[in-house]
Amino acid sequence: MSVLLDANTRLLVQGIGTEGTNHMKRSIDYGTNVVAAIHPRRGGEQQEGVPIFTTVDQAVRETGANVSIIFVPAPFAADAMLEAVAADIPLVVCITEGIPVMDMVRVKRTLSGRKSILIGPNCPGVITPSTKTRVGIMPGDVFLPGKVGVVSRSGTLVYEVVAQLTSLGIGQSTCIGVGGDPIIGTRQVEAVRLLNEDPDTDAIVLVGEIGGSAEQEAAAYIREHVKKPVVAFIAGATAPPGRRMGHAGAIISGEDGKAENKKAALRDAGAYVSDSPAEIGITMQRARAERGLR
Amino acid sequence: MKLHEYQARDLLARHGVAVTGGRVASTPSEARKIAEELGGKVVVKAQIHAGGRGKGRLVAESETAAMFQKLTSDPANNAGQVKGDRVGGVRLADSAQEAEQAAAAILGRYLVSIQTGPEGKLVKNVLVAEQTDIAKEYYLSAMVDGGVGGILFIASAEGGTEIEQVAATKPEAIVRMPVDPAAGWDPYIGRTLAARLGFSGDQANQFAKLAEGLYNTALATDASLVEINPLAVTDGGQVVAVDAKLSIDDNALFRHPDLEELRDRDEEDPLEVLAQDLGVSNFIKLDGNIGCIVNGAGLAMATMDTIKLAGGEPANFLDIGTVNDPQRVVNAIKVILEDENVEAILVNIFGGMARVDIIAQGVIDGFKQLDIKVPVVMRLVGTNLAEGEKLIDESGINVVRTSELGDAARKAVEAASAAA
């Protein structure tokens, strides 16, 4: 088992421009079952051997697609997400960055009461190495099947953490990039809960960032419910206050936004907090040894 | 994107928010004319993006750093001023002639406040507005909040310049009220906020109408924040916005060409403007000596953290994003080299969507096109690594290479101190 993705994943790709096509091909090469692609004017054609449909509704009915990945440009991304949600696709992953926050307000509100889980936007996606299921843009070759679940706001920090884990021989169960925007489909705490409830995940890495209070929410959950070792890192400890560091969510606002307060909350919840991003892997190695995990 | 007070007031007024009468002026004679129209008794306010204007000081360009030092080193230097006196960037005038004099004293000078930084801000415009006899000050804002997943009103009956202190010391004095995005604005929101702030009767109605206007402004402009502080009840019982702040979601500017025109690039850091012009959009200038080129905002922040842990100081934050064109890397190097403080460059790329070979080609092109005198440390990992390494091997460029993040930061710090 793993979370969100497994061997039954049937992937649909919304947005087959340069990047969408490139990453569709990489996912196929990695071993992922890509069953459909969407292009409003190219229905009936094929791309990389994958049939193209005009609408998500049609693709789901004809292929049984159960996961969608979205590369549609920012001005049209909300429309693409709403189309996937309307088709009741269980998991929708939106890679697109730069989506207006008011558009996400609408999408987020629409999600409540629907069957879909949204990951992202502005995220690297989700990957389950054991079943070779890659729904995202991450470099597949750094991942190693194993039992550590990874949750991160930042995409490149997922790769960074995973490269460190893999080089130490510590494999991963499922890695979830939740996204860096202020309004995201699945918050850190929800991703942590998924990994906590997964029997094949025995430890969790949580990579947060300055700004907002998502890490405090996760910390409160960890304190109450998580017995598995959690290793955490908060990016941006040295960022000057009040400046926006690219991720719209990473604005230091109020006390909760500060790295030191997030770290304190996570430490209080029993997490192993690494001050250096270069030492997340060895911190996990130490945590596993202390808890008797192999 | 931040707007000036006068721009925010115009937008708010257009959506039904009651604001004090007034207009923007760029010359003292214009200020005089507006003051005459308003009956003479006005307030003249410097238009810069930073706050703390009333308590700031106007100086010549050469004196800004010393003044900033003075204002920030001793709180007493900053606290002695009151908004509306005849020294700072916000001045009361009792006649059109005094308004002209006030404008003449403010325009073309540099305003330094605790929020401007040591460079201060050149004042190009003043807002000339009616004086209000304020009976009581309130705070009212609407912002998009990730926690509630929509617009959140924040209000307080204890408005004015010390609102942040109120939030820190008396959280119960802050009213928070989310708006359900599916339902949108509904009159109960205005009534509830008004009652929570202690308004009743006609003033409650005035306030509710103003709050609706604020909400409509936020929606219409894709604002990430609209703030009225203070919102005043005048001696005559009118509820009116006295000062306004508005920030627009940069991601939504594509659908607001009219708002894009309100951008004041003079308010932005010149290096950041150059970066934007060169297509390097996620660049923030910092004060250290190690220039950073990184992909991904999280890794860019983590790289800064690692440099600090290694005993160095980053010169910038730069998320180069997904690069399809090596020229963007050249441009990033160009921007970094414009900063005289830079003594080493650290290129830290973990290719995912971004490809290592394109970054490598960009650095190679940078060495060809630019005069790179500072040491360059490169840490490349991820998508198309082999192709990227081959390009660098064949180019013969002189760079320090490493594959590990902590080591990359240490090498960059060493290189910078050796170069210093």
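Residues numbered from 1 in each chain as written. Chains lettered and ligands numbered in written order. Predicted model: local features only at pLDDT ≥ 70, side-chain atom pairs only at ≥ 80, totals over all residues. Heavy atoms only, no water.

Of regular secondary structure, chain A possesses nine helices and 14 strands. Whereas a compact globule of 294 residues would reach a radius of gyration of roughly 19 Å, chain A reaches 18 Å, a difference of no more than 12%. Taken over the C-alpha atoms alone, chain A extends approximately 55 × 40 × 30 Å along its principal axes. Across chain A, contacts joining residues at least 24 apart in sequence account for 72% of those joining residues at least 6 apart. Side chains of chain A give 30 positive and 31 negative charges; the mean places of these two sets differ by 2 Å. (Helix = DSSP H or I, 4+ residues; strand = E, 2+ residues; numbered from the N terminus. Rg over C-alpha atoms; globule rule 2.2 N^0.38 Å. Contact = heavy atoms within 4.5 Å. Lys, Arg positive; Asp, Glu negative; His and termini not counted. Charge placed at Lys NZ, Arg CZ, Asp CG, Glu CD.)

Turning our attention to unusual backbone geometry. Residues G120 of chain A and P121 of chain A are joined by a peptide bond in cis, for which omega reads 10°. Its location among the elements puts P121 of chain A in the loop between β7 (117-119) and β8 (125-128). In this model, N229 of chain B is joined to P230 of chain B through a cis peptide bond whose omega is 10°. Note that P230 of chain B resides in strand β11 (residues 223-234). One non-glycine residue, D88 of chain A, lies in the positive phi region at around 60°. Tracing the sequence through the fold places D88 of chain A in the loop between α3 (74-86) and β6 (91-94). Phi at K132 of chain A is positive, roughly 60°, even though this residue is not glycine.

Each pair of aromatic rings is reported with the distance of its centres and the angle of its planes. Throughout the structure, instances matching the rule amount to five aromatic pairs over all chains. An aromatic cluster is defined as three or more aromatic residues linked by ring pairs; in this entry it consists of Y138, F199 and F207 of chain B. The cationic tip of K132 of chain A hangs over the ring face of Y30 of chain A; the distance from NZ or CZ to the ring centre is 4.9 Å. The cationic tip of K136 of chain B hangs over the ring face of Y138 of chain B; the distance from NZ or CZ to the ring centre is 5.1 Å. (Phe/Tyr/Trp six-rings, centres within 6.5 Å; stacked < 30°, edge-to-face > 60°. Lys NZ or Arg CZ within 6 Å of the ring centre and 35° of its normal.)

A separate point is the side chain of R187 of chain A. Structurally, the position occupied by R187 of chain A is in the loop between β11 (172-177) and α6 (188-196). Contact partners of R187 of chain A, with chain neighbours within four places excluded, come to V178, A214 and E217 of chain A together with G146 and G147 of chain B.

Frequently, the measure chosen for interface size is the accessible area removed from exposure when the parts meet. All names here are of chain B. Per the domain assignment, the segments of chain B are domain 1 (21-130), domain 2 (134-260) and domain 3 (269-419). Computed from C-alpha atoms alone, the centre-to-centre distance between domain 1 and domain 2 is 26 Å. Taken together, the contact pairs four residues of domain 1 with four residues of domain 2. Summed over both partners, the interface of domain 1 with domain 2 comes to about 310 Å²; 31% of that surface belongs to carbon and sulfur atoms. One salt bridge connects D243 with R53, and the closest N-O pair in it is separated by 3.0 Å. Our enumeration of links across domain 1 and domain 2 arrives at two residue pairs in polar contact (both at pLDDT 80 or more). Tallied by class, the residues present in the side of domain 1 that touches domain 2 amount to no nonpolar, no polar and four charged. (Domains from an automatic or database assignment. Buried area = accessible area lost by both parts, 1.4 Å probe. Salt bridge = Lys/Arg side-chain N within 4 Å of Asp/Glu carboxyl O. Polar contact = N/O pair within 3.5 Å; in protein donor to acceptor, adjacent residues only side chain to side chain. Nonpolar A, V, L, I, M, F, W, Y, C, P; charged D, E, K, R; others polar.)

Further remarks concern the nonpolar core. Counting 97 residues, the largest nonpolar core has F143, V205, L206 and L266 of chain A as its most contacted members. Broken down by element, this core gets its largest block of residues, seven residues, from helix α11 (residues 297-309) of chain B. Of all hydrophobic cores here, the second largest spans 72 residues; its members include V56 and I183 of chain A together with I151 and I248 of chain B. (Core = buried A, V, L, I, M, F, W, Y, C linked by side-chain atoms within 4.5 Å. Buried < 20%, exposed > 50% of the residue type's maximum accessible area, 1.4 Å probe, protein only.)

Facing 45 residues of chain A, the contacting portion of chain B comprises 51 residues. Where chain A packs against chain B, one counts three salt bridges. Measuring nitrogen to oxygen at the nearest pair gives 2.6 Å for the salt bridge that ties R379 of chain B to E160 of chain A. Where chain A meets chain B, there are ten residue pairs in polar contact (both at pLDDT 80 or more). The set of elements that each furnish at least two residues to the side of chain A that touches chain B consists of α1 (18-30), α4 (101-111), α5 (155-167) and β13 (230-235) of chain A. Residue composition of the side of chain A that touches chain B, by class: 26 nonpolar, nine polar and ten charged.

Residues and elements named next belong to chain B. With the rule as written, the count across this model stands at 43 salt bridges over all chains. Linking E260 and R263 is a salt bridge whose minimum nitrogen-to-oxygen distance equals 3.0 Å. Judged by relative accessible area, E260 falls into the partly exposed class, the value being 34%. By relative accessible area, which is 22% here, R263 ends up partly exposed. When the shortest N-O distance is used, the salt bridge between D357 and R355 registers 3.0 Å. For R355, a relative accessible area of 29% puts it in the partly exposed group. When salt bridges that share partners are traced, they join E5, K45, R53 and D243 into one network.

To continue, consider the sheet that holds strand β6 (residues 121-122) of chain B. Residue and element names in this part refer to chain B. The three strands lie next to each other as β3-β5-β6, forming an open sheet whose pairing is antiparallel. Every other strand in the sheet has two partners, leaving β3 (57-59) and β6 as the edge strands with one partner each. In this sheet, strand β5 (residues 110-112) lies alongside β3 in antiparallel orientation, the contact comprising three bridges. Pairing of L58 across the sheet is with L111, part of β5. Relative to the sheet, helix α3 (residues 64-73) contacts β3 and β5, its axis offset from that of β5 by approximately 20°. (Pairing = 2+ DSSP bridges. Axes fitted to C-alpha atoms, helices over the stretch in contact; angles between N-to-C directions.)

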